[in-house]
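# Examination of the molecular architecture
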Amino acid sequence: MTDAAARSLTPDVGAAQVRKLSTEGADLLLLAGVGDANLAELQRIYPVRVTLRGETMTLAGPAEVLEKAAITAQRMLDAARQRTAFDADDVLRFSMESPGGGDGAPERLVLPGVRKIIQPKTAGQAQYLRALFECDIVVGIGPAGTGKTYLAVAAAVDMLARKRVRRIVLARPAVEAGESLGFLPGDMQAKVDPYLRPLYDALEDMMPPERMQRALESRVIEIAPLAYMRGRTLGDAFVILDEAQNATSLQMKMFLTRLGVNSRAVITGDKTQVDLPNKADSGLTQVERILPGIDGIGFHYFTDADVIRHRLVREIVKAYAADAEQGA
């Protein structure tokens, strides 16, 4: 990056302090990005001046932001030394990672392509997000509107972008919720798509349409009914079972035993919305009973305080819970 380029990108930082970082061993082209986009993004996030000269990256700016900017710059340098290509989206992500680094649980997620920031809105959601990055299997149980599935899909997209997994598999039991869809026209895929639509909706909110379409066509992302999982081994995958309260005990065991090497699984469900003919057959209820205490499996329970939909949804959830307690 030339001094002229540095001046063109430089914000007005006023009275500044200086921090110097060694760039020895780093690929400077990767570090700066196409058209110096990575350095420009660092300066957009923090009001600092960034210059590259010789084997030194110099940051100049107010003391209150300089340390944070230096931490993000160091993450950029680490990636450049490893010859890992990254772009402005990744710089923004680096700036939001916890102080422990990229392998820990982030406090917020910056999704590539859409520059969308996903962050917990309640303490319960923050605990759940941490569990998604710390446990190999997470069971999220709670009422509608608490972000169980949305945050799980966001974590999956984030891990795919970081190459911590090679694919995403999203599954749902195809159980009719009080009405029959058997009369609908079309092939089997057309008949099960209504069950899977919420998963498509979550993905569409987190990925550019063309990138999502390519991932679906190449099966990097797969969305399928739970029954399609039988007989498979899912390695290097982030696997989500949504609406798990409608999986039978046998289906749940089948799902859990699909996991291969370097895979993660998230099971989400609401025990108050079981659509199985016999509610006692719910596999979600069974795993809640038999899996706690196993190292690497985390359970997280959402409450009505975690509901982030319309304010009336929280009151509706509370009303139904109170009615269920009275009927018990």
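Residues numbered from 1 in each chain as written. Predicted model: local features only at pLDDT ≥ 70, side-chain atom pairs only at ≥ 80, totals over all residues. Heavy atoms only, no water.

### What about the pairing of strand 2 (residues 49–53)?
To be explicit about the condition: Whether two strands pair depends on DSSP finding at least two bridges between them. Each helix corresponds to a stretch of at least 4 residues labelled H or I by DSSP, and each strand to a stretch of at least 2 residues labelled E; elements are numbered beginning at the N terminus.
Pairing between strand 2 and strand 3 (residues 56–61): five bridges, direction antiparallel. By the bridge assignment for strand 3, Thr51 is matched with Thr58. Counted between consecutive antiparallel strands, the loop separating strand 2 from strand 3 contains two residues, among which Gly54 sits at a positive phi close to 65 degrees.

### A closer look at unusual backbone geometry
Put simply, the test is: Between buried and exposed lies partly exposed: a residue is buried under 20% and exposed over 50% of the maximum accessible area for its type, with that area taken using a 1.4 Å probe on protein chains only.
In this structure, Lys163 is a non-glycine residue whose phi angle is positive, near 65 degrees. Inspection of the secondary structure puts Lys163 in the loop between helix 7 (148–161) and strand 7 (167–172). For Lys163, a relative accessible area of 71% gives the class exposed. Backbone geometry at Glu243 places phi at a positive 55 degrees, although glycine is not the residue there.

### Here we look at the nonpolar core
The following threshold applies: Put simply, buried Ala, Val, Leu, Ile, Met, Phe, Trp, Tyr and Cys residues joined by side-chain atoms within 4.5 Å make one nonpolar core.
Core analysis: the biggest nonpolar cluster contains 37 residues, and Leu132 and Leu203 have the highest contact counts within it. Only strand 4 (109–111), helix 6 (123–134), helix 7, strand 7, helix 8 (188–204), helix 9 (209–217), strand 8 (221–225) and strand 9 (237–241) provide two or more residues apiece to this core. The biggest single contributor to this core is helix 7, with nine residues. Judged by nonpolar contacts, the second largest core, of 24 residues, contains Leu21, Ala26, Leu59 and Ala70.

### Here we look at a nonpolar patch on the surface
Cut-off, in case you're wondering: A residue counts toward a patch only above 30% relative accessible area and without a salt bridge, and it is joined to like-charged neighbours within 9 Å or, for Val, Leu, Ile, Met, Phe, Trp and Tyr, to nonpolar neighbours within 5 Å. Here, Shrake-Rupley sampling with a 1.4 Å probe gives the accessible areas, and only protein chains in the shown set may cover a residue. Salt bridge, as used here, is a side-chain nitrogen of Lys or Arg placed within 4 Å of a carboxyl oxygen of Asp or Glu.
A cluster of nonpolar residues, Leu312, Ile316 and Tyr320, forms a patch on the protein surface that exposes about 340 Å² of accessible area. Secondary-structure assignment places Ile316 in helix 12 (residues 311–327). Overall, Ile316 belongs to the partly exposed group, its relative accessible area being 47%.

### Topic: the packing of helix 3 (residues 37–45) against helix 5 (residues 88–96)
For clarity, the threshold we go by: Only the contacting stretch of a helix is used when fitting its axis, a line to C-alpha atoms as for every element, and angles between N-to-C directions run 0 to 180 degrees. Crossing handedness follows the turn of the near helix against the far one: under a right angle anticlockwise gives a left-handed crossing, and clockwise gives a right-handed one. Contact between two residues is taken to exist if any of their heavy atoms lie within 4.5 Å; hydrogens are not considered. Any residue outside Ala, Val, Leu, Ile, Met, Phe, Trp, Tyr, Cys, Pro, Asp, Glu, Lys and Arg is labelled polar, Gly included; the first ten of those are nonpolar and the last four are charged.
Between helix 3 and helix 5, whose axes approach to 8 Å, the crossing angle comes to 40 degrees. For the pair helix 3 and helix 5, the sense of crossing is right-handed. Contacts between helix 3 and helix 5 involve Ala37, Asn38, Glu41, Leu42, Arg44 and Ile45 on the former and, on the latter, Ala88, Val91, Leu92 and Ser95. For the contact of helix 3 with helix 5, a count of residues per class yields six nonpolar, two polar and two charged.

### Some thoughts on helix 4 (residues 63–81)
Threshold: Multiplying 1.5 Å by the helix residue count minus one yields the expected span of that helix.
With 19 residues, helix 4 extends 27 Å from end C-alpha to end C-alpha; this agrees with the ideal 27 Å at 1.5 Å per step. Residues Val65, Leu66, Ala69, Ala70, Thr72, Ala73, Arg75, Met76, Leu77, Ala79 and Ala80 constitute the buried set of helix 4. Tucked inside the fold, the buried residues of helix 4 contact strand 1 (17–22), helix 2 (28–32), helix 3, strand 3 and helix 5. In the segment just after helix 4, Arg83 is the residue with positive phi, at about 60 degrees.

### Thoughts on the sheet that holds strand 1
Backbone hydrogen bonds hold the strands of a sheet together, and the pairing may be parallel or antiparallel. The sheet built from three strands is open, its strands ordered 1-3-2 with antiparallel pairing. The open sheet has two free edges, formed respectively by strand 1 and strand 2, since each of these has just one partner strand. Looking at each pair of strands side by side, their axes are set apart by 20 degrees on average, direction ignored. The sheet contacts of helix 3 involve strand 2 and strand 3, and relative to strand 2 the element is tilted by about 150 degrees. The sheet strands contacting helix 4 are strand 1 and strand 3, and the helix crosses strand 1 at an angle near 15 degrees.

### Structural notes on the sheet that holds strand 9
Here six strands make up an open sheet; going across it, the order is 8-7-9-10-6-11 and the pairing parallel. Only two strands of the sheet have a single partner each, and these edge strands are strand 8 and strand 11 (297–301). Taken over all neighbouring pairs, the strand axes of this sheet differ in orientation by 15 degrees on average, direction set aside. Relative to strand 9, strand 7 runs parallel, the two being bridged by five bridges. Bridge pairing in strand 9 places Val169 opposite Val239. Contacting strand 6 (137–141), strand 7, strand 8, strand 9 and strand 10 (264–269), helix 7 crosses the sheet at an angle of about 170 degrees to strand 9.

### Thoughts on the pattern of salt bridges
If you walk through the whole model with that rule in mind, you get twelve salt bridges. Here Asp78 makes a salt bridge to Arg81, at a shortest N to O gap of 3.8 Å. One end of the pair, Asp78, and the other, Arg81, are both in helix 4, three residues apart, so they sit about a helical turn from each other. Using a relative accessible area of 34% as the deciding quantity, one classes Asp78 as partly exposed. Arg81 gets classed as partly exposed once you look at its relative accessible area, which sits at 30%. Ionic pairing is found between Asp236 and Arg166, a salt bridge with its closest N-O pair at 4.0 Å. Placement of the pair is Asp236 in the loop between strand 8 and strand 9 and Arg166 in the loop between helix 7 and strand 7, with a sequence separation of 70 residues. For Asp236, a relative accessible area of 24% gives the class partly exposed. What emerges from the salt-bridge pattern is a single network uniting Arg172, Asp242 and Glu243.

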